[in-house]
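Chain and residue survey
These are the residues of each chain, in order.
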Amino acid sequence: MSFPILITGAGQRIGLALAQHFVAEQHDVIITYRTRHNAVDELAAQGVTCIQADFSDDESIVHFINELRVHTPKLRAIIHNASSWDSESKNDDYAALFDNMMRIHAKVPYLINQHCQDMLEHSDGYGDIIHLTDFVVETGSAKHLAYAASKAALDNLTKSFAAKYAPHIKVNAVAPSLIIFNEGDSEQYKHKTLQKSLMGIEPGCREIINAVELLLTSDYITGRSLAVDGGRHLK
Ligand SMILES: NC(=O)C1=CN([C@@H]2O[C@H](COP(=O)(O)OP(=O)(O)OC[C@H]3O[C@@H](n4cnc5c(N)ncnc54)[C@H](OP(=O)(O)O)[C@@H]3O)[C@@H](O)[C@H]2O)C=CC1
Ligand SMILES: Nc1nc2c(c(=O)[nH]1)N=C([C@H](O)[C@@H](O)CO)CN2
């Protein structure tokens, strides 16, 4: 018997692609979504358990954890994907920005991981926790300072939880650079961004799916971050 895979923030883009992949692989899937995009209705129609969760305060995180347990006693994996790519140029309430970045990227994974260890421990093989971080964990970001700091916190939690939860639960990170552009990105921005990596492409969600599958199928990788960044570190 295989237990469900939980993916946070899977109403769109990478999280949605991950959910669709595991559904296609005949896996049980539980997602959180904030906005009920049409894609969430489609996932629900395919049997995915879709839990609405806006992680905007501590209470909502605890409420989600309690609701999760109503749906399943055990989990195969937790993929912490939910994220807000906010920046100081878009939000000059720096205190709120910092708190929001730290909450969605570090506090939500921390609390869910802390409260769900027993769900990931079972006789059906390893449990896995996968954190979606970012290339900027290595470099910082002059344009997304609070975002980068919060992703660095998540990267550090990867190491801590790997040590705390071994050997029954593996904990790893996937650190992407450009995977998919956003609607509305200008041609100028796209050109500039594509120049930042050696490969110079917008690779698409399949790269993250492949990285996640590698980590799920490994019996040995833990406490590590898998860079999926087109060689950006060498530009
Ligand atoms: N796309 C890329 O090229 C890159 C992505 N990454 C990382 O990969 C992961 C997936 O990226 P991507 O698909 O672009 O992510 P998105 O920016 O599309 O965000 C994913 C989801 O997170 C949800 N979310 C945001 N804030 C909250 C909140 N407070 N509570 C609950 N849910 C929330 C959004 O909900 P809603 O639909 O309501 O907005 C959204 O559906 C992220 O962790 C991202 O940082 C890293 C580097 C590059
Ligand atoms: N939550 C999000 N995080 C990030 C996104 C995004 O769209 N949503 N996009 C990026 C960029 O692609 C960046 O890696 C390249 O400019 C980073 N994080």
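This text goes with the structure placed above it.
Residues numbered from 1 in each chain as written. Chains lettered and ligands numbered in written order. Predicted model: local features only at pLDDT ≥ 70, side-chain atom pairs only at ≥ 80, totals over all residues. Heavy atoms only, no water.

**As for the pairing of strand 4 (residues 77-80)**
Where burial is concerned, the two faces of strand 4 agree: the one with Ala77 and Ile79 and the one with Ile78 and His80 are both buried. With three bridges connecting them, strand 1 (residues 5-7) and strand 4 associate as parallel partners. What sits directly across from Ile7, in strand 4, is Ile79. Across four bridges, the pairing between strand 4 and strand 5 (residues 127-132) is parallel. Each residue of the ladder has a partner; that of Ile79, found in strand 5, is Ile130. (Buried < 20%, exposed > 50% of the residue type's maximum accessible area, 1.4 Å probe, protein only. Helix = DSSP H or I, 4+ residues; strand = E, 2+ residues; numbered from the N terminus. Pairing = 2+ DSSP bridges.)

**Details of the site of ligand 1**
Residues in contact with ligand 1 amount to 24 residues; listed here are only the nearest, Gln12, Thr35, His37, Phe55 and Ile179. Here Arg13 contributes a side-chain N or O atom positioned 3.0 Å from an oxygen atom of ligand 1. Ile180 is positioned with one of its backbone polar atoms (N or O) 3.2 Å from an oxygen atom of ligand 1. Computed on the free molecule, ligand 1 has an accessible area of 900 Å², of which 89% lies beneath the protein chains in the complex. Residue composition of the shell around ligand 1, grouped by class: eleven nonpolar, eight polar and five charged. (Near = heavy atom within 4 Å. Polar contact = N/O pair within 3.5 Å; in protein donor to acceptor, adjacent residues only side chain to side chain. Areas by Shrake-Rupley, 256 points an atom, 1.4 Å probe, with all protein chains shown as cover. Nonpolar A, V, L, I, M, F, W, Y, C, P; charged D, E, K, R; others polar.)

**Structural notes on the sheet that holds strand 5**
The seven strands lie next to each other as 3-2-1-4-5-6-7, forming an open sheet whose pairing is parallel. Bordering the open sheet on either side are strand 3 (49-52) and strand 7 (225-228), each of which pairs with just one other strand. Each strand axis lies, on average, 15° off the axis of its neighbour in the sheet, ignoring direction. Of the strands in this sheet, strand 4 and strand 5 are in contact with helix 4 (residues 94-115), which crosses strand 4 at around 170°. Along the sheet, helix 9 (residues 206-217) contacts strand 1, strand 4, strand 5, strand 6 (169-176) and strand 7; its crossing angle with strand 6, the most-contacted strand, is approximately 160°. (Axes fitted to C-alpha atoms, helices over the stretch in contact; angles between N-to-C directions. Contact = heavy atoms within 4.5 Å.)

**Focus on helix 1 (residues 13-24)**
Side chains that are three or four residues apart share a direction in an α-helix, a result of its 3.6 residues per turn. Look at helix 1: 16 Å from first C-alpha to last across twelve residues, which is about the 16 Å you get at 1.5 Å a residue. With nine of twelve residues buried, helix 1 is to be regarded as a mostly interior element. Turning to helix 1, the residues buried within the fold contact strand 1, strand 2 (29-33), helix 2 (38-45), strand 4 and helix 9. One or two steps after helix 1, the chain reaches Gln26, where phi turns positive at roughly 65°. (Expected span 1.5 Å × (residues − 1).)

**Here we look at the side chain of Thr8**
Considering the arrangement of structural elements, one finds Thr8 in the loop between strand 1 and helix 1. Note on Thr8: relative accessible area 2%, which makes it buried. Only 2.9 Å separates the side chain of Thr8 from the backbone nitrogen of Asn81, close enough to count as a polar contact. Filtering out sequence-adjacent residues up to four positions away, Thr8 remains in contact with Thr32, Ile79, His80, Asn81 and Ala82.

**Quick look at the packing of aromatic side chains**
One pass over the full model with this rule turns up four aromatic pairs. For the ring pair Phe55 and Phe64, a centre distance of 5.7 Å and an interplane angle of 80° mean the geometry is edge-to-face. Look at Phe55 and you get buried, because its relative accessible area is 7%. Summarising the aromatic geometry, the rings of Tyr110 and Phe161 are spaced 6.2 Å apart at their centres and angled 55° between planes, so their arrangement reads as tilted. Separated by 51 residues along the polypeptide, Tyr110 in helix 4 and Phe161 in helix 7 (residues 145-165) bring together distant segments of the chain. The exposure class of Tyr110 is partly exposed, given its relative accessible area of 35%. Put simply, the rings of Tyr110, Phe161 and Tyr165 touch in pairs and so form one group of aromatic residues. (Phe/Tyr/Trp six-rings, centres within 6.5 Å; stacked < 30°, edge-to-face > 60°.)

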